Amino acid sequence: MAALAACAPARAESVPKRVVSMNLCTDQLAMLIADEDQLHSVSHLAADPGASVLAGRAGAYVVNHGLAEEIFLMRPDLVIAGTYTTRTTVALLRRLGFRVEEFAPETGFDDIRQNIARMGAILGRRDRAAALTAALDAGLAALAASPAEGAVAVYSSNSYTVGPGSLADAVIAETGLDNIAAAMGISGAGRLPLESLIAADPDLVVTGAQRFDDPALAQENFRHPAFRAFARQTAEVDIPDKYWLCGAPFTLIAARILKRAARRLEAGQE
Amino acid sequence: MSEPARYRLLLALLGGATTVLFVLSLTVGPAAIGFGDSLAALVSGDGGAIVLIMREIRLPRALLGLMIGATLGLSGAALQGYLRNPLAEPGLIGVSASASLGAVLAIYTGLSAAFPLALPLSGLAAAVAGVVVVQALAGMHGGTLTIILAGVAVSSFAGAMTSLALNLSPNPFAALEILFWMLGSLTDRSMDHVWLAGPFILLGWAMLAMLARPLDTLTLGEDAATSLGVDMRRVRFLAVFGTAACVGAATAVAGAIGFVGLVVPHLLRPLVGARPSRLLPASALGGACVLMMADILVRLIAPGRDLKLGVLTAIVGAPFFLWLIWRSRGRLT
């Protein structure tokens, strides 16, 4: 495996023609960057409209489920995977002699730029990657030109929130808002008790937008009378999970939605 | 000190402890609110954040801790007296497991969302079915072993049906959710839950309280009790439906919390002179104390982790139970 990893950079120069992606986030990056007919297959999650921004375009590709057997039969010259999922499949594919490139999940906009550039290099599409990064940077610069003010809390199903070290926190930081989770010592993902949310009294609360229709206990926290009373006094904004589940150029949309909500709030207060 | 005086002193002490723990339960929580401020917010009128937290989050939690703890203690004492068996307890004889099954069915068919009363009602109905089956299996003169075996059978059947219901649920995370829910918790319950479960719990208490005198007579044996004018059918009805009503409703809102109903009557029995009529109120107060103490500890030990109540009661209760068995193994057969 060490030998394979060592010769990978040399082989990266030869442009792959039959690429298989096994992870929702690499699926979307590859769909944005790859040349026509270069990407052969994406994971089944890429077609899930709740999780994937590019769900409408996923139908053009063969679907895989991250199983070594089906990937082997596709005879790809490059497999792209995430570093946290399908670990055993990746090890097996490498043993079978496939070239596998792994992408770590993005926790900030620097990670997004790096992953876009690396995907461009691997697929031999550096120009396309550079154009996407330029558009992303322009969007971020526009956001930074007029930062919003105020405290925001993310409150999702099961009372989960996100703090520093997560992509959502990076998005909040770009808008200029303060994430209350940081002051509470929550890093990454953590639980935000309803009491603490109400006591912190943020200006804006971001609720996980993907509400399930199926009966579930996970959303009892939104039905609690105390939350309903709190939500009546506080501005609430829904950001569809798919925009900040994966870091990509479209993560900018999450920042824009948040910024717009903060602006509406400021306008209402004046 | 005479025996009635000692009994009154015990009740007064337990009542005092219950009051203190109830107030503590109101003042402990992740949001740092001063002792005086939090109690003032309960009675004062303005609609600030503290008032919202106190009235809609902490008050229902403390009330449910009080009611459910008392339910577990009372039903444990009543079942032990009625079945004349020291191992009878809602959890051990399968009432909790069947009530959980009822609650799971109500939650995951979407019935409880459409019709809130369905949650306690279906918990209650399943609990009644559980007690009736255990009683049918063990018979009126069932010994320790038959009761436990019947309880094991009912519990595992209810557990299997719960798993089946979760497998068939359209929500892929249902099994995971319920795994944690079944461990019991009072986190973020609301006044809605109090109003839903409260009437059934009070009804159950009233039925179990009517058992006090018949249970005293029943200590002489069933034949003697019948000849003294105790209507055994009425006793059975009160014990079965009283337990099912309060434990069913309690389980439906808070999950299955074990060991309180088993341990508390055992702790208090030597102090009340082994009379069921005295054990019932003492055990209710004792159960409330134990559960509120556990619920306070859960919030102090690991505030951010939502530690489950049932985990804590089992960690403390199971070793105690083992000690109980070891101490009295000669007398249990």
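Residues numbered from 1 in each chain as written. Chains lettered and ligands numbered in written order. Predicted model: local features only at pLDDT ≥ 70, side-chain atom pairs only at ≥ 80, totals over all residues.

## Topic: the interface of chain A and chain B
Bring the parts together and some accessible area is lost; that lost area is often taken as the interface size. So the rule is basically this: Residue pairs are scored as contacts if the distance between their C-beta atoms, which are placed from the backbone, is within 7 Å. Runs of E in the DSSP output that reach at least two residues are strands. Runs of H or I that reach at least four are helices, and both are numbered from the N terminus.
Facing the 21 residues of chain A at the interface are 24 residues of chain B. Listing elements by their share of the side of chain A that touches chain B, those giving two or more residues are strand E9 (189-191), helix H10 (194-200) and helix H12 (225-233) of chain A. If you tally residues by element for the side of chain A that touches chain B, the top one is H10(A), at 5 residues.

## Overview of the confidence of the model for chain B
Rules: On a range of 0 to 100, pLDDT expresses the predictor's confidence in each residue.
With 96% of its residues at a pLDDT of at least 70, chain B reaches an overall mean of 86. As scored by the predictor, the complex reaches a pTM of 0.80 and an ipTM of 0.71.

## Considerations on the packing of helix H6 (residues 109-123) of chain A against helix H7 (residues 126-145) of chain A
Residues and elements named next belong to chain A. As a reminder, the rule being used: For helices, the fitted line uses only the C-alpha atoms of the stretch in contact; every axis is such a line through C-alpha atoms, and the angle between N-to-C directions lies from 0 to 180 degrees. Put simply, angles under 35 degrees are roughly parallel, angles over 145 are roughly antiparallel, angles from 65 to 115 are roughly perpendicular, and the rest are oblique. The sense of a crossing depends on the near helix, which, turned anticlockwise from the far helix by less than a right angle, makes the crossing left-handed and, turned clockwise, makes it right-handed. Residue polarity is assigned by list, with Asp, Glu, Lys and Arg as charged and Ala, Val, Leu, Ile, Met, Phe, Trp, Tyr, Cys and Pro as nonpolar; anything else, Gly included, falls into the polar class.
Following both chains from N to C, one finds H6 and H7 inclined at 165 degrees, their axes separated by 7 Å at the closest point. Taken together, the axes of H6 and H7 are roughly antiparallel relative to one another. Judged by the twist between their axes, the crossing of H6 over H7 is right-handed. The residues of H7 that touch H6, namely those facing Phe 109, Ile 112, Arg 113, Ile 116, Ala 117, Met 119, Gly 120 and Ala 121, are Arg 126, Arg 128, Ala 129, Ala 130, Leu 132, Thr 133, Leu 136 and Leu 140. The residue makeup of the contact of H6 with H7, split by class, is 11 nonpolar, 2 polar and 3 charged.

## A word on the packing of helix H6 (residues 118-138) of chain B against helix H9 (residues 191-209) of chain B
Residues and elements named next belong to chain B. The geometry of H6 relative to H9 is characterised by a closest axis approach of 9 Å and an angle of 35 degrees between their N-to-C directions. Listed contacts from H9 to Leu 119, Pro 120 and Leu 124 of H6 are Leu 196, Ala 197 and Phe 200. Partitioning the contact of H6 with H9 into residue classes produces 6 nonpolar, no polar and no charged.

## A look at the environment of A:Ala117
Residues and elements named next belong to chain A. Going by this rule: Buried, partly exposed and exposed are defined by the number of other C-beta atoms within 10 Å of a residue's own C-beta, namely 20 or more, between the two limits, and 12 or fewer respectively, with C-beta atoms placed from the backbone.
Looking at where Ala 117 falls in the secondary structure, it is placed in helix H6. Judged by local crowding, Ala 117 falls into the partly exposed class, with 16 C-beta atoms found within 10 Å. On a C-alpha basis, the gap between Ala 117 and Leu 132 in space is 9.2 Å, while along the polypeptide they are 15 residues apart. For Ala 117, the contacting residues outside a window of four places in its chain are Ala 129 and Thr 133.

## Quick notes on the pairing of strand E2 (residues 39-43) of chain A
The two faces of the sheet receive side chains in turn, since in a regular strand these alternate between them. All names here are of chain A. Quick reminder of the rule: Criterion used throughout: strands pair if DSSP finds at least two bridges between them. Place the viewer so that the strands point away; then a crossover is right-handed whenever the path from the first strand over the helix to the second strand goes clockwise.
Among the 5 residues in E2, 5 count as buried, and that is most of the element. Strand direction decides the pairing type here: strand E1 (residues 19-21) and E2, joined by 2 bridges, are parallel. Across the sheet, the residue bridging to Val 20 is Ser 41, located in E2. Following the chain from E1 across helix H2 (residues 24-33) to the adjacent parallel E2, one finds a crossover that is right-handed.

## Let's talk about the sheet that holds strand E11 (residues 235-239) of chain A
Residue and element names in this part refer to chain A. If you trace the 4 strands from one edge of the open sheet to the other, you get E8-E6-E10-E11, paired in parallel fashion. Both outer strands of the open sheet, strand E8 (178-179) and E11, are each paired with one neighbouring strand and no more. In this structure, strand E6 (residues 151-155) lies alongside E8, joined through 2 bridges in parallel fashion. Opposite Val 152, over in E8, you have Asn 179 as the bridge partner.

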